[in-house]
Structure formats: C-alpha cells, structure tokens
Amino acid sequence: MVSHGRGSTMEHSASCRDLSTMRERFDCLTEAYTCFLMGTCPSQCVACVIFSGLVPGEDRECAPSENRRVNRAELSYISVTLVEKITSNLTSRSLSPAVTLYCVEMLTVLFQDMDLMSLLMQHFQAEDQIISHLAAKTVSTWVLYQLHKSGTVSPVWQKKCVQAFYISLPGPELDKCLWSLTEVLKRLLKGAHREILGKLLSAFDSSLSTLCSKFLPKERDKTTQCLVDLPSSSGRWGTTFCLLLDLLELLTACSVTCGAGICLESPRMTYVHSSALLMTISCSSEYFVKKRALLLLKRAVLQKAGEDWSLGEGLLTGLKHKHFDSDMSVLSQSVLTAMATDWLHSVQVESSSFFGGTRCIRGEEDQKPDCVMLRAVSLLLLKSMELHIQTAGGTGVDSATEVSGYLQSLWGFLRRCSVQLTENTHRCCWVSLLFGEQDDDMMETAKALFSIFLHHRMCSGLDDVAVLEAACASGCNPHCHFLLLLQSISFDHSILLDFLISTETCFLEYFVRYLKFLRADWQGFTAACGRICSPHMQQSVTALCAADTLKVTCKGEPDRVKFSSCAQSTGVTSQVGRVSLAAGFHLVEYDSSDESDPENMEVSQDEPAASVCDKSTFSALDVKQEISGPPVPIRQKQYEASDSTVLLSRPNSTLERRAEGPSLPVLQSEQTSGPNMAPQPGQVAWETLARAVICMSELREVVTRLQTNKLFPYNPSSLLKLLAQVENYSKLSRLLHFNK
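Residues numbered from 1 in each chain as written. Predicted model: local features only at pLDDT ≥ 70, side-chain atom pairs only at ≥ 80, totals over all residues. Heavy atoms only, no water.

Brief notes about the overall build of the chain
Link 1 in the chain: When you go through the chain residue by residue, the secondary structure sums to 31 helices and 2 strands.
Link 2 in the chain: When burial is assessed residue by residue, the chain has 54% of its 740 residues classed as buried.
Link 3 in the chain: Long-range pairs, those at least 24 residues apart, make up 79% of the contacts in the chain between residues at least 6 apart in sequence. (Helix = DSSP H or I, 4+ residues; strand = E, 2+ residues; numbered from the N terminus. Buried < 20%, exposed > 50% of the residue type's maximum accessible area, 1.4 Å probe, protein only. Contact = heavy atoms within 4.5 Å.)

Right, dumping it as structure tokens:
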C-alpha cells in the first residue's frame, strides 16, 4: 500500500537512483502509465523518473541485453506523455479520490519542487519536433489545470510567451508559444469560461498587439517588405504566420464570447489589421498563406470565427462588444478600399487542390480553379458591400453606381479565374455554379445580394422593369436566384424544410425577406421564369451536365421522376434527392410570429382582394389541377426577357442526390405530342412557375402539419402566412389571365 503524504512521496525519490538504465526507467514509466489507464496508483513514485527522462544526459545502458535498447528520445516521449495524461485526467476529474491525491502530490513535486515547467519550456526549441510538440501540449494542459484550479496564469509560461511575442522572431520558440496559447484559448472557449478568458487575454494583450504590429504593419511601403520575402526568414515565416492566423481567429471568437465586457485590443486585431491581411494576400509568395489569411477575413466578416474547431455553444451568447459595429465597418471599408485599388488583380487563384496537394498538368485545358478561394473572395466582397450599405446609408445614383462597379469588378475576377463562369452570359447563375457545394455560403451570398439589390433599386431611380434588367446584368436579381435554388434541388420541398429547421444556414432569414418581396413583385417573378426558360437554356444544360464541377444524372431511366421544365426539353430525367447541409450558421431569432414582421425593405404592402387572399387559400393539389389543362403563355407585359438577360442553364448541386420520397408531379403537357417536339417558351415558363408554386405550397402544408403536432422548432405563423399569400397571388394571376 502506498502512502500519499508529502514526506513519504519524497522518500521514494531515492528509487530513481536504483533505476540505473534507461530500459529500467522506461519500463517503470510504462507500468505507471498502464496503472493510470486502469485507475490505480503505481507501486512507486515516478516523479524523479519523469524528471530524469527530460534532463539531457548521456545514454547509459547496461551491457548486452535480450531486450532492445531504449534511447533518450523514447524516454523523453513517454515522460512528457505521462505528465500530460495525468494533468488531463485531473482537469477532467475522471480519477478516483485515491489516484487523484497521488497525482496531485506527484505534480506538486514536479512543478513546484523540481520546476518542471522551465524544463518543458526549454524543449520548445528542441530540434526533435516530436518532443517539442509534446512539451507544448503538456505545458498547455498544465496551464489549463492551474486556470481551472486557482484561476491564475502560470508565471513561467506567461513570461516565456510574452518575451517571444515581443521579440517576434520567426522560429521554433515563437511557433510553440503561439500554438500553446491558441490551444489554451481553444479549450477555454469550448467551455465558455468567460472570466478566465478575460484574465488570460489581459495578461497577453500588450505583447500580442506588438506581435501583430510587426507581422501585420498597418502601413507598408518598399522599405518594409513582407516578412515572407526576407531571405533570412523565408523558410520559417509561413509556418509562424499561419500559427499567428490561427491565434487571430481564436481571439476574434473570444470577442464574441466575452461579449459586452471586452475592453482589450487583442480580440479586435483581425479587424484592426484587416488592410495588412489583404496586403498579405496580395504580396505573399506562399499560396497556403494567402488562402489562410483570406479564410480568416471571410469568417470574420461572416461572424463565424472558430467554426472549424467546433467550439460549441460558447459562441452563441449573442452579445456584442461596444466596438463591434466600428470593427465591422473598418473591415468592410478596408475591403472596398482595396477593391478600388484593383486588389482583385493581385489575388492568385491556383488549380483546385486535393488530399495529395495541387496538381498542374501542362496542356490540360479543363483545370479546375480553387473554388474555396473563389467563394471566399466573393463572400468577403459581397458581405463588405452589404455592411457598407447598412452603415454608410448612401443614397442616390452615385451610391448605386459605386455598388454596381464593385459587382462588375467581382464578375470580371470570376470570369478571369473560372472557365465555366466565362461560358455563361447570364450572371445570376454564378451563385449556384460557384456555391452549389456549400449550402451555408450560398445562403449568405443570396442574402447579401438581396440587400445589394434592394439598395440599388432604392438609389438608382429606375422603374421596376429597368431595375430587374440591371440586376440581371449585375448578377443580383433575387427572383433568378430563388428559382435557380429551387431548380438545383429539383423543386423538392423537403430540402427547403431541412433548410428551415437547420441551424447551419441563414435560409430562414433569407426566405422570409424574399417572400415579402415576392408578394410585392409577382410580375417580376413570372418574368424571371420566362428568362430562365428561354430557348438558350437547352444548350447550356447540356454543357453544364457534362462539366465535372456539376455532376448530375442527365440520362434517366423509365422509373425515375420525369421533368418537363426548362431544364429538359424532352424525356430527360433527374433524381430527386436531399442536399447535405454544410457546417455553419445560426438561425435568426424566430421565437414568435411578431418578430418576423418588421422588415427594412422598400416593398409595396398592397394586398390583393380579401376574398382571394384571406378566404381562398388553396393547396398543391389545386395547383396541379390548374395546370392539367393546356398551358398558357405568361403575360409579361413590360417584363419581356431580352437576349442579353437570358439565363443559360439550370444549375444543379454538385452533391450526389439519391432518389427518395414521393415523385414530384409530372408537368408535361398533353400538347407536347412527341419526344422530339420541344416545348414552347411560354409553356415551359408556366410549368416552371407552377412547379415553384407547388413546391412552396407543399412546404406550407408540411410545416402546418408539423406545427399542429407541435413538432416544429419555432413558431412559423408569419412564414405560413407569407407562403399562403404567395399561393393566392399565383391563383389570382391565373384568374386574371383567364378573364382577359
């Protein structure tokens, strides 16, 4: 039986001298590790054995042995690993009382009597990268244990890291200090320890500001080059800089967690140094550094910092610090200022990467661009424009021209980098083409473009027809975006339902805003159906179906769902499937129906006659019955689609779709008498309109059913009201047509 008093523990220190060879010490530590895994105490104290395994010395080994020799590195590995394991178990409180007491006493001997922390910090500069990393991991675990136990920051660790940050010399020591602080912040964020976070950030605030000022100077000229271009640091700079970017992302996430109580500079450094980060994207010779900096800015503008680390509910406080609005404004202004100086021309986009790296083959014309970069650039610019519109409050033709100029620059950048986008003349389709793989980013893009469209409509002074034509020319017609979204999911209402109840996209916020706009511009919606279903659509669908980036079944089987929409002129079939949701965003607050009513949108509030809207709600079956007769071309009046605004294709998600659920209604008209007869433009336009209404009607029905059974996660009353109004507008439009 092992006694656990302080004196008895020290008495066992003599046992270290009895273990003269590294093999004996290695076996002793292996036995101790096994005991801790089994929840028991080792038969002897191993504190001195652990410490001796980390002290540099000569390799002493007895003469020939049947067992293989153990070198110094292996002894160091298991020594550090054992300390990290013990400390982690103490932090998680997963040990029995007896074992907990033993471990506490042993760590007290190691870190107080033997000053193990200083020895571990020395290993930060070790040439052996394994021992260097294990030392940093163990130090971080001990720092967390102390923070949880006493709320104090390790003075040895703090002093070493602060010193490295002030010196700011790229190298192993700075790398490990950056990694260690990032690891500690990451674990604290997962637990949402706001008070401890504030104390830790205060300890490093000044040194981190100095470090960022040296790596990311606010003003850079010819005499202050990027550190990556300096010969003395080119081999190490990329690694150090990426570690700094990881830390910046955690600090940005801390600004959300700490909320209104934040009064430090370090959590705001991503915004303060946004211009320098944009410059790094332009001037760095390392592509992975460019990409990492761009993704940091994208997550900052989307308020999704730390999403890749699954930081949990700690980021969902909803609190904003007092500098939040000004920081977001600084970021958006930095991006737009860079745009005005042709920043996009300096952004490098290589071929798409895979698990083996990047692949460049000479003579191969169908090289795919890095869509991660293209999406990040697009979202960064669009969200910056949206923020600029919301904060600057610019009005008039000049403001509309400015916004249009930014969109034209983005369109030129995308066409320069993507062959597929170059082949399409209608710019509204670029959202589906580029963001088809990322549902969360696609919804953010659609929402930002919708805000930009509303601003342009308010400032341009154009009539409704001219506004929509200009929107198509700039790729921001909200009707086109919504129809293309429906087509990409094969008009499957169940996928829209997934979007509505998911916390991973901002679809609810976008959908409610769009429906409010749709009820005020029904003619624009019907005109968009005509543009999408133009004769030019046929060739584009063939081209897109053949593209690798848009994989969709283009040759169907008799038992598959048959479509006769604008995407298929004859018997082309497609599978109806479910799109997997990407990680990402939170639903807007929708606790009650009243919260969704206010909307800063310049839309008409005119409602159709009460007898139609309030009393004549109809179901998807009614729509199917309405379209069972001969199709009638839509009356578009002034909303005639011009050749310059014809949508080329029906984009489909790159995600593989599986057939499931009931088939969508077959909308093929009986007047289409043969497989070789192409439907008329008016016919397919009506069918697209009808399928869109059916999709929303079925969505309303299933949401109503879930709400009745108390299975819907929030109150959808206002959403259901909007969906019912859309159905009634469709029926009213049909009735008005037959009366003429």
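Structure shown, so let's carry the discussion forward.
Brief notes about the pattern of salt bridges
Link 1 in the chain: Inspection of the entire model under this criterion finds 16 salt bridges.
Link 2 in the chain: The shortest N-O distance in the salt bridge between R299 and E249 comes to 3.3 Å. Of this pair, R299 sits in helix α15 (residues 287-302) while E249 sits in helix α12 (residues 234-258), and the two are 50 residues apart along the sequence.
Link 3 in the chain: E249 gets classed as buried once you look at its relative accessible area, which sits at 1%.
Link 4 in the chain: In this structure, the salt-bridge partner of K298 is D441, at a minimum N-O distance of 2.8 Å. Here K298, found in helix α15, pairs with D441, found in helix α21 (residues 439-460); they are 143 residues apart in sequence, far enough to count as distant.
Link 5 in the chain: Among the residues examined, K298 registers a relative accessible area of 12% and is labelled buried. (Salt bridge = Lys/Arg side-chain N within 4 Å of Asp/Glu carboxyl O.)

Structural notes on the packing of helix α14 (residues 274-283) against α15
Link 1 in the chain: At a closest axis distance of 8 Å, the pairing of α14 and α15 adopts a crossing angle of 150°. By the criterion of interaxial angle, the relationship of α14 to α15 is roughly antiparallel. Note that α14 runs across α15; the crossing there is left-handed. Counted together, S274, L277, L278, T280, I281, S282 and C283 of α14 and V289, K290, A293, L294, L296 and L297 of α15 form the full contact between these two elements.
Link 2 in the chain: For the contact of α14 with α15, the class distribution of residues is 9 nonpolar, 3 polar and 1 charged. (Axes fitted to C-alpha atoms, helices over the stretch in contact; angles between N-to-C directions. Parallel < 35°, antiparallel > 145°, perpendicular 65-115°, else oblique. Left-handed = near helix turned anticlockwise from the far one by under 90°. Nonpolar A, V, L, I, M, F, W, Y, C, P; charged D, E, K, R; others polar.)

Here's the deal with the side chain of D175
Link 1 in the chain: With respect to the element layout, D175 can be found in helix α10 (residues 172-191).
Link 2 in the chain: Not counting residues up to four positions away in its chain, the partners in contact with D175 are R236, T239, T240 and L243.

A look at the confidence of the model for the chain
Link 1 in the chain: The predicted model of the chain has a mean per-residue pLDDT of 75, with 66% of residues at 70 or higher.
Link 2 in the chain: Note on residues 222-233: pLDDT is under 50 here. Beyond four places in sequence and across chains, it has 17 contacts.
Link 3 in the chain: Low pLDDT (under 50) marks residues 537-679, which in the prediction has 323 contacts with non-local residues, meaning those over four places away or in another chain. (pLDDT = per-residue confidence, 0-100.)

Quick notes on the packing of helix α3 (residues 22-38) against helix α4 (residues 47-54)
Link 1 in the chain: At their nearest, the axes of α3 and α4 sit 10 Å apart, and the two run at 125° to each other. Overall, the two elements α3 and α4 adopt an arrangement that is oblique. Every pair of crossing elements has a handedness; the one defined by α3 and α4 is left-handed. Where α3 approaches α4, its residues R25, C28 and L29 are matched on the opposing element by V49, I50 and S52.
Link 2 in the chain: Considered class by class, the residues forming the contact of α3 with α4 number 4 nonpolar, 1 polar and 1 charged.

Focus: helix α9 (residues 155-167)
Link 1 in the chain: Taking 1.5 Å as the rise per residue, α9 with 13 residues should run 18 Å; its terminal C-alpha atoms sit 18 Å apart, in good agreement.
Link 2 in the chain: Taken together, the buried positions of α9 are W157, C161, V162, A164 and F165. The buried residues of α9 all sit within an arc of 165° when viewed along its axis, so they share a single face. Exposed residues pointing more than 90 degrees away from the buried face of α9 are listed as P155, K159 and I167.
Link 3 in the chain: Buried positions along α9 lie against α7 (116-122), α8 (129-150), α10 and α11 (194-215).
Link 4 in the chain: A positive backbone phi angle near 55° is found at S168, which sits one or two residues after α9. (Expected span 1.5 Å × (residues − 1). Arc of directions from axis to C-beta.)

Regarding the nonpolar core
Link 1 in the chain: In this structure, W157, F165, L185, W430, L500 and F525 are the most contacted members of the largest nonpolar core, which totals 196 residues.
Link 2 in the chain: Aside from chain neighbours lying at most four places away, what touches W157 is M117, M121, V139, V143, S180, L181, V184, L200 and F204. (Core = buried A, V, L, I, M, F, W, Y, C linked by side-chain atoms within 4.5 Å.)

Looking at the packing of aromatic side chains
Link 1 in the chain: Following the criterion strictly, the structure yields 20 aromatic pairs and no others.
Link 2 in the chain: Between F482 and F511 the ring centres are 5.9 Å apart and the planes differ by 20°, which places this aromatic pair in the stacked class. Here F482, found in helix α23 (residues 478-488), pairs with F511, found in helix α25 (residues 507-518); they are 29 residues apart in sequence, far enough to count as distant.
Link 3 in the chain: Classification of F482 as buried rests on a relative accessible area of 0%.
Link 4 in the chain: For F511, a relative accessible area of 0% gives the class buried.
Link 5 in the chain: The rings of F450, F453, F482, F499, F507, Y510, F511, Y514 and F517 are connected pair by pair, giving a single aromatic cluster. (Phe/Tyr/Trp six-rings, centres within 6.5 Å; stacked < 30°, edge-to-face > 60°.)

Some words on the environment of N728
Link 1 in the chain: In this structure, N728 sits in helix α31 (residues 717-738).
Link 2 in the chain: A residue is classified by how much of its surface remains accessible, and N728, at 1% relative accessible area, is buried.
Link 3 in the chain: Along the chain, N728 and V693 lie 35 residues apart, while their C-alpha atoms are 9.8 Å from each other.

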